[in-house]
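What follows is each chain in one-letter form.
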Amino acid sequence: MLSLFHHPLPLLLRSKHHLSFHFHSLPSNSTPHSFTNLSNLLQGRIPHSHLLQIHAHIILVGAEQDNLIATRLIGHYPSQSALKVFHQLESPNIYPSNAVIRVLAEEGFCFDAFSVFRTLKSRLVSPNGLTFSFLFKACFPACDARCVGQIHTHVVKCGLARDCFVCNGLVSVYARGVKDLVSARKVFDEMPVRIMVCWTSLITGYARSAQHEEVLKLLLSMVQEGLRPEDDTMVGLLSVCSNLEIVEIENWIRVISELIDGLRYNNLTNDWVNTVLVYLYGKWGKIDKSRERFDQIAGTSKRSVVPWNAMLNAYVQNGSPSEALSLFGLMMECHYCRPNHITVVSVLSSCAQIGDLDRGMWVHDYLKAEGRKGILARNTKVATALIDMYSKCGNLVKAKEVFDQMLTKDVVSINAMIMGLASNGKGEDALRLFSKVKDFGLRPDAGTFIGVLCACCHSGLLENGRQIFLEMSQGFSVPPKLEHYACYIDILARMGLVEEALEVVNSMPFEPNDIVWGALLGGCLLHNRSELALYISKMLVKVDPRNCAGYVMLSNLFAADCRWVDVSGVRWFMREKGVKKQPGRSWISINGIVHEFLVGSQSHPQADTICRTLDGLVKEMKMANSVGSS
């Protein structure tokens, strides 16, 4: 490559055969017409070997000083070669200057790009909007606020401070590049015309800095101006919503509702505001309100995937997987809206919650057939959701297949695989995967240790669990949280070491919660520790008086000892406190349709037939039992 820049006739010209690809029709003399033909050859994608042949011919005919040819050559080369082409120009104009700044910016060489800009200024070549847009791009990886400030000064000196294109770049680099939101907002407020990309940049900047109130003000300004955000802007808005506390959510809903009730605007504005409210109501747990707002969104606006994702997320967050899958079916029937990776993650989460393996496998097949090439291997969120779904549906073979096909594994995907192995009774396999975390160049986090402790718990690996619990803080610098203590206590209690588990409870730096007491109580009932179980049941009721689990376990304990008066007393106490036993719930998938059943509920359309069948089976079992005993 170097020989091309140091020798006017490089070795590539040693035979006519090498130049037969493009040059048989080009004149060898240096004319404007031949230069035009050469510049045309440099358009589009060119194999590297052909590029070198063209470059050699450019040198041969003396066209290397032509600015258009040099500009196109620079665009095909990496930064160092592009710089050599540029520096050989005796009088470069703005076009090759912009081209080399762009190449340097794309490769992250901020200071080299700025150096070319200074050279451009010293030669009295006036920069244009493209020059500054490439310089802004160069500033992103460098995160150099001083450099951005200097470029801003040049923008003002060049009279481009009110240029919409340049101002958009300034807002973006201030807000998202160097996180100078004060300067970003100042440029934004002084813009004569604000394009939607500027709103998106500022919203994203405020979102990343957790300045929620500023985002709300921008949202209200957009409503008042009757703007319709692009999908990228909506993603920024909804990312802010995902981090709000309940009190903030209530305030946002109130303010937005009051504003839109007092304004008259077109359906387009109404639709995107409703999308925000769908998401906010979902975060608040008001699922009916979410659906009400979703149904108000016009059909044309539902061509975007954003409102569908907002409603799906609301269902998933609020434990309504069946409703989420029904909505996804409706979305797929529309045909004009393609699901994206966010849609897929929500749908797979719903499949995992209800064990709908058929639907989950359909989504997997859809991704392989209709999704972007390589999405399953490269998108860790989608792959992790698939691993979680397959694991919870009991298909570890498929879960491992997805995991093994991932090109890059992060700690979240490894945690999902460890938990999948743990929940399916493959504790030793989970521990083997845990031992390989460092081989992937990763450090285990708190979630990793939850998975391996659960693996030890489900597989009865007491000593492994004890060692891992002790080493997580000492060897991995991951301080155990309440959840880790609960897992370790569960291991000890299941193995009958209830007293040791109680010692751990008393030594915790946390107040024990219902999960801790529930694990202890389960161990007591498993190993017939009645007296201790009575004490722990009372503690469970004390820490969570509204939870039916403690009462039910206590009632079962009394029933096992035939203490029927105490059983009646517990039930009376539950009625007095208004505590109701949550009905058992189960799902079954038949021919792609998920059927949900609640204990004592007659809501299923075939409930009478099912009950008659069950009664018949019970009679047959009784008859078989009586025949066997006689």
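Residues numbered from 1 in each chain as written. Predicted model: local features only at pLDDT ≥ 70, side-chain atom pairs only at ≥ 80, totals over all residues. Heavy atoms only, no water.

**Q** Honestly, the nonpolar core in this entry has me stumped. Any pointers?
**A** A general trend in soluble globular proteins is that nonpolar side chains are found buried together. Judged by nonpolar contacts, the single largest core of 179 residues is most densely connected at Ile256 and Leu280. In this structure, leucine 280 is in contact with Cys241, Leu244, Ile249, Trp252, Ile253 and Ile256, ignoring residues within four places of it in sequence. (Core = buried A, V, L, I, M, F, W, Y, C linked by side-chain atoms within 4.5 Å. Buried < 20%, exposed > 50% of the residue type's maximum accessible area, 1.4 Å probe, protein only. Contact = heavy atoms within 4.5 Å.)

**Q** Where do I start with the packing of helix α12 (residues 196-208) against helix α13 (residues 212-224) in this structure?
**A** What describes two packed helices is the angle between their axes and the distance between those same axes. Running from N to C, α12 and α13 cross one another at 160°; their axes reach a closest spacing of 9 Å. The angle between α12 and α13 places the two elements in the roughly antiparallel class. Note on packing geometry: the crossing formed by α12 with α13 is left-handed. Judged by residue contacts, Met196, Trp199, Leu202, Ile203, Tyr206 and Ala207 of α12 engage Glu214, Val215, Leu218, Ser221 and Met222 from α13. Here the residues of the contact of α12 with α13 are counted per class, giving 9 nonpolar, 1 polar and 1 charged. (Axes fitted to C-alpha atoms, helices over the stretch in contact; angles between N-to-C directions. Helix = DSSP H or I, 4+ residues; strand = E, 2+ residues; numbered from the N terminus. Parallel < 35°, antiparallel > 145°, perpendicular 65-115°, else oblique. Left-handed = near helix turned anticlockwise from the far one by under 90°. Nonpolar A, V, L, I, M, F, W, Y, C, P; charged D, E, K, R; others polar.)

**Q** I keep staring at the environment of glutamine 43 and nothing clicks. Help me out?
**A** For glutamine 43, the position within the fold is in the loop between α2 (32-41) and α3 (48-60). Distance from glutamine 43 to leucine 73, taken between C-alpha atoms, is 9.3 Å for residues 30 residues apart in sequence.

**Q** Which parts of the structure should I look at to understand helix α17 (residues 287-296)?
**A** For the α-helix, the turn length of 3.6 residues means that residues three or four positions removed from each other point alike. Looking only at α17, the buried set comprises Ile287, Ser290, Arg293 and Phe294. Seen from one end, α17 has its buried residues packed into an arc of 125°, which puts them on one side. (Arc of directions from axis to C-beta.)

**Q** Where do I start with the pattern of salt bridges in this structure?
**A** Should the charged atoms of two oppositely charged side chains come close, the side chains can pair. Throughout the structure, instances matching the rule amount to 17 salt bridges. Here lysine 392 makes a salt bridge to aspartate 388, at a shortest N to O gap of 3.4 Å. On the criterion of helical spacing, the pair formed by lysine 392 and aspartate 388 is a turn pair, its members being 4 residues apart in helix α23 (residues 380-392). The class of lysine 392 is exposed, set by a relative accessible area of 52%. (Salt bridge = Lys/Arg side-chain N within 4 Å of Asp/Glu carboxyl O.)

**Q** What is the right way to read the confidence of the model for the protein from this model?
**A** Parts of the prediction with low pLDDT should not have their coordinates interpreted in detail. Mean pLDDT over the protein: 83, with 85% of residues reaching 70 or higher. Looking over the protein, one finds the lowest element-wise mean pLDDT in helix α1 (residues 2-6), namely 47, and the highest in helix α25 (residues 411-423), namely 96. For the stretch residues 5-30, pLDDT sits under 50, and the model shows 40 contacts to residues farther than four places along the chain or on other chains. (pLDDT = per-residue confidence, 0-100.)

**Q** Would you explain helix α9 (residues 145-157) in this entry?
**A** Relative to the 18 Å expected for 13 residues at 1.5 Å per residue, α9 spans 19 Å between its end C-alpha atoms, a close match to the ideal helical length. Cys147, Val148, Ile151, His154 and Val155 are the residues of α9 that are buried. Down the axis, α9 shows its buried residues gathered within 115° of arc, on one side only. Exposed side of α9, more than 90 degrees from the buried face: Arg146 and Lys157 are the residues found there. (Expected span 1.5 Å × (residues − 1).)

**Q** Just checking my understanding: could you explain the packing of aromatic side chains for this structure?
**A** Describing an aromatic ring pair means giving the distance of the ring centres and the angle of the ring planes. Going through the model one piece at a time under the given rule, you end up with 15 aromatic pairs. Each ring, one from phenylalanine 434 and one from phenylalanine 476, has its centre 5.9 Å from the other, and the planes form 50°; the classification is tilted. Of this pair, phenylalanine 434 sits in helix α26 (residues 427-435) while phenylalanine 476 sits in the loop between α28 (462-474) and α29 (482-494), placing them 42 residues apart in sequence. Like phenylalanine 434, the residue phenylalanine 476 is buried in the burial classification. Between the aromatic rings of phenylalanine 449 and phenylalanine 476, the centroid separation amounts to 5.3 Å while the plane-to-plane angle is 65°, which identifies the pairing as edge-to-face. Taken together, the positions of phenylalanine 449 in helix α27 (residues 446-459) and phenylalanine 476 in the loop between α28 and α29 put the pair 27 residues apart, joining distant regions of the chain. The pair formed by phenylalanine 449 and phenylalanine 476 is uniform in burial state, with each residue classed as buried. Taken together, Phe469, Tyr485, Tyr488 and Phe510 form an aromatic cluster joined through their ring pairs. (Phe/Tyr/Trp six-rings, centres within 6.5 Å; stacked < 30°, edge-to-face > 60°.)

**Q** How should the side chain of serine 350 be read in this particular structure?
**A** The residue serine 350 is located in helix α20 (residues 341-354) in this model. Not counting the four nearest positions on each side in its chain, serine 350 is found in contact with Val316, Pro321, Ala324 and Leu325.

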